[in-house]
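Letter by letter, the chains look like this.
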Amino acid sequence: IEHGFISAPATAYYDDPVTVTVTPDTGYELDQLYYSYDAGGGVHEPEITIENCQFNMPNFDVTIYATFKLKKYNVEVEEAIDGDHGFVQAVPSTCSMGETVTLITSADTGYAITTLQATYEEGTTEVNLPLTPAENDTYTFVRPAADVHVHWIVSKVQYTITVNPSEHGTVT
């Protein structure tokens, strides 16, 4: 079994409930859980889906199987702090660990995105993801095995006024 582990009792009596313990690897989730058995004479019964990790023991020996798939995680772009004068969009907004996520940013005229941060929770610790600048005000990061929160601040741009000195008067 790749990307996870399953365990179950080694034996059970006919019609007893059997509970299967499923432990996916980090970044994976259970895709299918089923069993099959030999009904005698070499005739194998089809795969029988195990619901809620439990089934009743048939009157044959069984073999349990599981498949795991990459888990999908969300990227939540929070509302801008200090105003609504731009946007940040995550593409894709849902994906699996190891995939690249692009943050597309834009600020209204006279405004700039002054802070852009992507974080995720690792236990009780908030971890900052490194953002790699790309073309046209975009940034990328590699998706961890967790939901990601994007925080951003948009601020007014302060422009400089320069007065050229004049020979025959003053300008203020």
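What comes next concerns the included structure. Computed from a predicted structure; not experimentally measured. (Residues numbered from 1 in each chain as written. Predicted model: local features only at pLDDT ≥ 70, side-chain atom pairs only at ≥ 80, totals over all residues. Heavy atoms only, no water.)

If you walk across this open sheet you meet the three strands as E5-E4-E7, and the pairing is antiparallel. Here the strands that pair on one side only, and so sit at the sheet edges, are strand E5 (48-49) and strand E7 (62-70). Of the pairings in the sheet, the one linking strand E4 (residues 28-37) to E7 comprises nine bridges and is antiparallel in character. Across the sheet, the residue bridging to tyrosine 37 is valine 62, located in E7. (Pairing = 2+ DSSP bridges. Helix = DSSP H or I, 4+ residues; strand = E, 2+ residues; numbered from the N terminus.)

In this structure, strand E11 (residues 100-107) lies alongside strand E15 (residues 138-142), joined through five bridges in antiparallel fashion. Bridge pairing in E15 links threonine 100 to valine 142. Where strand E14 (residues 132-133) meets E15, two bridges bridge the pair, whose relative direction is antiparallel. Bridge assignment links threonine 132 to a residue of E15, and that residue is threonine 140.

Relative to strand E16 (residues 148-156), strand E12 (residues 111-122) runs antiparallel, the two being bridged by eight bridges. Residue isoleucine 113 lies in a different strand from E16, and its bridge partner there is valine 154. Where E12 meets strand E13 (residues 125-129), five bridges bridge the pair, whose relative direction is antiparallel. Across the sheet, tyrosine 120 pairs through a bridge with valine 127, a residue of E13.

Here we come to the nonpolar core. The biggest cluster of nonpolar side chains holds 17 residues, and the ones touching the most others in it are Val75, Leu103, Phe141, Val148 and Val150. At the level of secondary structure, the elements contributing two or more residues to this core comprise strand E9 (86-91), E11, E12 and E16. A total of four residues in this core trace back to one element, the largest contributor, which is E16. With sequence-adjacent residues up to four places away left out, valine 148 is seen in contact with Asn74, Val75, Glu76, Ala118, Thr119, Tyr120, Leu129, Phe141 and Arg143. Ranked by size, the runner-up nonpolar core spans 12 residues in total, among them Val18, Leu33, Met57 and Phe68. (Core = buried A, V, L, I, M, F, W, Y, C linked by side-chain atoms within 4.5 Å. Buried < 20%, exposed > 50% of the residue type's maximum accessible area, 1.4 Å probe, protein only. Contact = heavy atoms within 4.5 Å.)

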